[in-house]
Amino acid sequence: MFFKKLAASALFLSAMAAHAFSPQSGTWVVNSELDGKPGRGLAIDVQNDTFVMQMYGYESNGQPTFYLATGKVVNGQVSAALNRYTGGRYLGSGPLSGSAAGSAGVASFRFTSGITGYVTLPGEPEKAISRFNFGYPFAAQSLVGLWSMLSLGSEGLSADAVQLSTNIGPTSTGNGLVVNSDSTFGCEHQTSGSLAGSVLCVKINSQGQLLRSYYFAYSVDDGEGYSQRNGGTQQTMSVRRHTSPQGVGTGLVFKSEAPMWEHNVLRAHISEVAAAGRAAD
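This is a predicted model, so every value here is computed, not measured. Going along each chain's sequence as written, the residues are numbered from 1 onward. Per-residue local features are limited, in this predicted model, to residues with pLDDT of at least 70; the limit for side-chain atom pairs, both in listing and counting, is 80 or more; totals at the level of whole chains, interfaces and linings are taken over all residues. Computation of side-chain values covers all heavy atoms of the structure but excludes hydrogens and water.

1. Description of the pattern of salt bridges
Item 1. By convention in these notes, a salt bridge is any Lys or Arg side-chain nitrogen within 4 Å of a carboxyl oxygen on Asp or Glu. Applying the stated rule across the entire model yields 12 salt bridges.
Item 2. The shortest N-O distance in the salt bridge between Glu33 and Arg40 comes to 2.5 Å.
Item 3. Note on exposure labels: buried denotes an accessible area under 20% of the residue type's maximum, exposed denotes more than 50%, and partly exposed covers the range between, all computed with a 1.4 Å probe on protein chains only. Here Arg40 falls in the partly exposed class, since its relative accessible area comes to 22%.
Item 4. Here the salt bridges do not stand alone but share partners, grouping Glu33, Arg40, Glu124 and Lys127 into one network.

2. Structural notes on a nonpolar patch on the surface
Item 1. Here, patches come from residues exposed beyond 30% relative accessible area and free of salt bridges, joined within 9 Å for like charges and within 5 Å for nonpolar side chains (Val, Leu, Ile, Met, Phe, Trp, Tyr). For accessible areas, the Shrake-Rupley method is used with a probe of radius 1.4 Å. Any residue's cover is judged against the shown protein chains and nothing else. A contiguous nonpolar patch, built from Tyr56, Phe66 and Tyr85 and spanning about 300 Å² of accessible area, is present on the exposed surface.
Item 2. Put simply, DSSP H or I for four residues or longer makes a helix, DSSP E for two residues or longer makes a strand, and each gets a number counted from the N terminus. For Tyr56, the location among the structural elements is in strand E3 (residues 50-58).

3. Considerations on the packing of aromatic side chains
Item 1. We call Phe, Tyr and Trp rings a pair once their centres come within 6.5 Å, taking the six-membered ring for Trp, and we label the pair stacked below 30 degrees between planes, edge-to-face above 60, and tilted otherwise. Enumeration over the complete set of coordinates arrives at 9 aromatic pairs.
Item 2. Measuring from ring centre to ring centre gives 6.2 Å for Phe216 and Tyr218, while their planes differ by 55 degrees; the resulting arrangement is tilted.
Item 3. Taking relative accessible area as the criterion, Phe216 reaches 1% and is therefore assigned buried.
Item 4. Ring-pair connections join several aromatic residues into one group, and the members of that group are Trp28, Phe51, Phe109 and Phe111.

4. A look at the pairing of strand E9 (residues 145-153)
Item 1. Each pair of strands is called paired provided DSSP finds at least two bridges between the two strands. Pairing of E9 with strand E10 (residues 156-164) involves 9 bridges; the strand directions are antiparallel. When the bridges of E10 are listed, Gly145 appears paired with Leu164.
Item 2. Taking the residues between adjacent antiparallel strands as the criterion, E9 and E10 are bridged by 2 residues.
Item 3. The sheet contact formed by E9 and strand E17 (residues 234-241) spans 6 bridges and is antiparallel. The residue of E17 that forms the bridge with Ser148 is Arg240.

5. Some thoughts on unusual backbone geometry
With the exception of glycine, the majority of residues adopt a negative phi angle, and the majority of peptide bonds are in the trans configuration.
Item 1. Backbone geometry places Asn75, a non-glycine residue, at a positive phi of 55 degrees.
Item 2. Of note, Asn75 is situated in the loop between strand E4 (64-72) and strand E5 (77-86).
Item 3. The class of Asn75 is exposed, set by a relative accessible area of 65%.

6. Quick word on the sheet that holds strand E12 (residues 178-179)
Item 1. The strand order across the open sheet formed by 9 strands is E10-E9-E17-E16-E15-E14-E13-E12-E11, and the pairing between neighbours is antiparallel. Edge positions in the sheet fall to E10 and strand E11 (166-167), since each of these pairs with one other strand and no more.
Item 2. In the sheet, strand E13 (residues 185-189) pairs with strand E14 (residues 199-204) via 5 bridges, with the strands oriented antiparallel. Among the inter-strand pairings, Glu188 is bridged to a residue of E14, identified as Leu200.

7. Description of the nonpolar core
Item 1. Among the nonpolar cores identified, the biggest contains 20 residues, and Leu42, Ile44, Phe51, Met53, Phe109, Phe111 and Ile129 are the most heavily contacted of them.
Item 2. Elements with a minimum of two residues in this core: strand E1 (26-30), strand E2 (41-47), E3, E4, E5 and strand E6 (99-111).
Item 3. Throughout, a contact is declared for two residues whenever any of their heavy atoms are within 4.5 Å. Not counting residues up to four positions away in its chain, the partners in contact with Ile44 are Pro23, Gln24, Ser25, Gly26, Trp28, Phe51, Val52, Met53, Phe109 and Phe111.
Item 4. Nonpolar cores were defined as sets of buried Ala, Val, Leu, Ile, Met, Phe, Trp, Tyr and Cys residues, with membership established by side-chain atoms within 4.5 Å. Within the second largest apolar cluster, 19 residues are counted, among which are Val162, Tyr218, Val220 and Val239.

8. Concerning the confidence of the model for the chain
Item 1. A residue's pLDDT is the predictor's confidence in that residue, given on a scale from 0 to 100. Confidence along the chain averages 85 in pLDDT terms, with 86% of residues attaining 70 or more.
Item 2. Note that residues 1-18 has pLDDT below 50 and, in this model, 30 contacts with residues that lie over four places away or in other chains.

Below, the structure is given as structure tokens:
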């Protein structure tokens, strides 16, 4: 019942503020070419403001080829030459050094979020692109895992971390509400209404009162959107997935199992407390 009432309050997200985004690193595709068949793809990586893109495609004679483009991202936009290379290593070869083989022209990118944007390739009109998500379907089970949500705005810095674990069934606007262990935090993929295609979350207290609501789009392990304290102002938010639904860590450091040294420390404390208990007797 509570989550049905929340649908109306979620309209605060309609006034989304415009700002620049740094694109997520990963595999990107041209949306209009995503038909399940072999085609072109873009491997994009951005570190600080440095943009690197490798594009795999085909020559006019059907032979596969790749291009490399590098540049600086400014206000979510970058233009860079698509350079060709030849003469490098092949499978089973000894040491070989590739050499530049000219440029196919300039490619221009403008990103509308961390996972969406547009590209203008040489000789082609502007086309929509997006980060390719091949591991997480638009389904309730994909929300299971450990998440952190960091928002910043006029209310200052706000952070939440939640372990989503149980699907308690769909609401009237989604495909399955996934909640934490005490059911005070829940998230759901929205399938209808003004928020369709996004994830909507809410946090409540033990009395069932709304504390904060969240709205975001995500791809694989990262997302962005907005949060709002009940009765407060909207804040820009970034989202990070720290474990997969299988409990596997998605970052560089986080592990799904405790390090062995932690186990040894626990064993030592158990022995010490047990020994002290016997001594007291």
